Amino acid sequence: MVAKVLCVAGARPNFMKIAPLLAAFRDATRFQARLVHTGQHYDAKLSGIFFDELGIPRPDIELGVGSGSHAQQTASIMASFEPVLDAEQPEGVLVVGDVNSTIACALVAAKFRLQRPFRCSVGERARPLVIHVEAGLRSHDDDMPEEVNRKLVDAISDLLFVSDPSGVALLAKENVSDPARVHFVGNVMIDTLLGAKERAAQSKVLDVLGVRGKPYGVVTLHRPSNVDDPVNLRRLLEVLDRVGERVSLVFPVHPRTRQRLAAMGVALDEARWKVVEPFGYLDFLDLTANAAVVLTDSGGIQEETTVLGVPCITLRENTERPCTVSDGTNQVVGTEPAAIAAAVEHALSGAIGKRVPPLWDGKSAARIRDVLETVFAAA
Ligand code: UD1
């Protein structure tokens, strides 16, 4: 029997993780993959362009849920996903990352009873295996919605594929330590980056922005803790504006942040800021690869800058990706002006060397495929 694995993607940071998995799964013989797009992100700039640029096949199933509060969005994904499981009867449900689509689909799958049990390496199962790619990340900050998602998804997953070397020990502290369950495989997002780097270098984005050959910084901000409170956002922009006196800043603005800036009536000084729409994958990769420094509150960008050897300043109090600090180019500085200024000077001094965490080598998706082949061999 060939098992069926539904692979779920919903929001921008999911697409660069699902792309290499679907590519690697094409060679699988024990299971076949089908792609479910929840529609959490739906704008061409946050979704469609990644499918085109990364060669992701059209989704087999689209839930089309759209935006909403956390409860509305999560509930809507769950209610739409359950009938899909009914119709598809999959032996596995694979989720990536930590967005609302991740927890919603994992939770539905964890409670779903199949019409017919199946056999796999863990024995007879009446429920699909829940498979989490990017398990074992913790910021230890429950004010982050993603932290809640990460903890819950890991707790109910049957197979946990870990990207950060610290993740295996961290899961063991939470009593998730069965080696048949937890696998350190490296980082699938880096598979995508390494595969796309040459194509990204053909991008014209540096010419369009007029920054080719010049030192510049890239700013991205979208964490609710930074952008949803007007006082915090205004303060952060004032600090960054001072950084802009040191090095000009390119600021691709996430829709959440654009709404907040518009509501506050903020206008950034064009002498220091290039305020632009979000980029597709290739343009953003080229922009990041050539930056003098990146200032961000994103999770994935901390990892991408590490592999590119570009200094990253994380505008948060914590990171769930500690190897980007211990084995990479990341400085986690928070939002205090003096700390950011010092971090910028350190970044621009050239003192930050290039180091790459173990197994971030472009082969992570193939490792996951190989584990799944073994797991489903008994099916
Ligand atoms: C979500 C993820 C976050 C991830 C981020 C990447 C959760 C809890 N959060 O946050 O972890 O880092 O995606 O972008 O899952 N909007 C659009 N177009 C879209 C989608 C959204 O304009 O295609 C606007 C909507 O007004 C929406 C707002 O952006 O209300 C926020 O979108 P949402 O998906 O709720 O959260 P993100 O901030 O994008």
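> What am I meant to see in the pairing of strand 1 (residues 3–9) here?
The buried fraction of strand 1 is high, at seven of seven residues. By the alternation rule, side chains of strand 1 split into Ala3, Val5, Cys7 and Ala9 and Lys4, Leu6 and Val8, which are all buried. Here strand 1 pairs with strand 2 (residues 31–37) via seven bridges, running parallel. Paired with valine 5 across the strands is alanine 33, a residue of strand 2. Read from strand 1 through helix 1 (residues 12–25) to strand 2, the crossover connection turns out right-handed. Of the pairings in the sheet, the one linking strand 1 to strand 4 (residues 92–96) comprises four bridges and is parallel in character. When the bridges of strand 4 are listed, valine 8 appears paired with valine 95.

> Looking at this structure, how should I read the site of the ligand?
With respect to spatial proximity, 18 residues lie near the ligand, and among them Gln40, Glu146, His222, Arg256 and Gln259 are the closest. Between the ligand and histidine 222 there is a distance of 2.8 Å, counted from an oxygen atom to a side-chain nitrogen or oxygen. With the chains in place, 87% of the 750 Å² that the ligand exposes on its own is no longer accessible. Looking at the shell around the ligand, the elements with two or more residues in it are helix 3 (70–88) and helix 11 (255–264). With three residues, the single largest contributor to the shell around the ligand is helix 11.

Cut-off values and rules
- Per chain, the residues get numbers from 1 upward, laid out in the order the sequence is written.
- For a predicted model such as this one, the threshold for reporting local features is a pLDDT of at least 70, and the threshold for listing and counting side-chain atom pairs is 80 or more; totals across whole chains, interfaces and linings nevertheless cover every residue.
- The side-chain values count all of the structure's non-hydrogen atoms but skip hydrogen atoms and water molecules.
- Whether a residue is buried, partly exposed or exposed follows from its accessible area with a 1.4 Å probe, protein chains only, as a fraction of its type maximum: under 20%, in between, or over 50%, in that order.
- By definition, any uninterrupted DSSP run of H or I lasting at least four residues is a helix, any uninterrupted run of E lasting at least two residues is a strand, and each is numbered from the N terminus.
- Strands are labelled as partners when DSSP assigns at least two bridges between them.
- By convention, a crossover is right-handed whenever its connection, traced from the first strand over the helix to the second and viewed with the strands pointing away, goes clockwise.
- Only heavy atoms are used to decide nearness, and a residue is near a molecule or strand if one of them lies within 4 Å of it.
- A 3.5 Å cut-off defines polar contacts: any pair of N or O atoms within that distance qualifies, except that in protein one atom must be a possible hydrogen donor and the other a possible acceptor, and neighbouring residues in sequence count only when both atoms are side-chain atoms.
- In these tables, accessible area is a Shrake-Rupley quantity obtained with a 1.4 Å probe, and a residue counts as shielded only by the protein chains included in the view.

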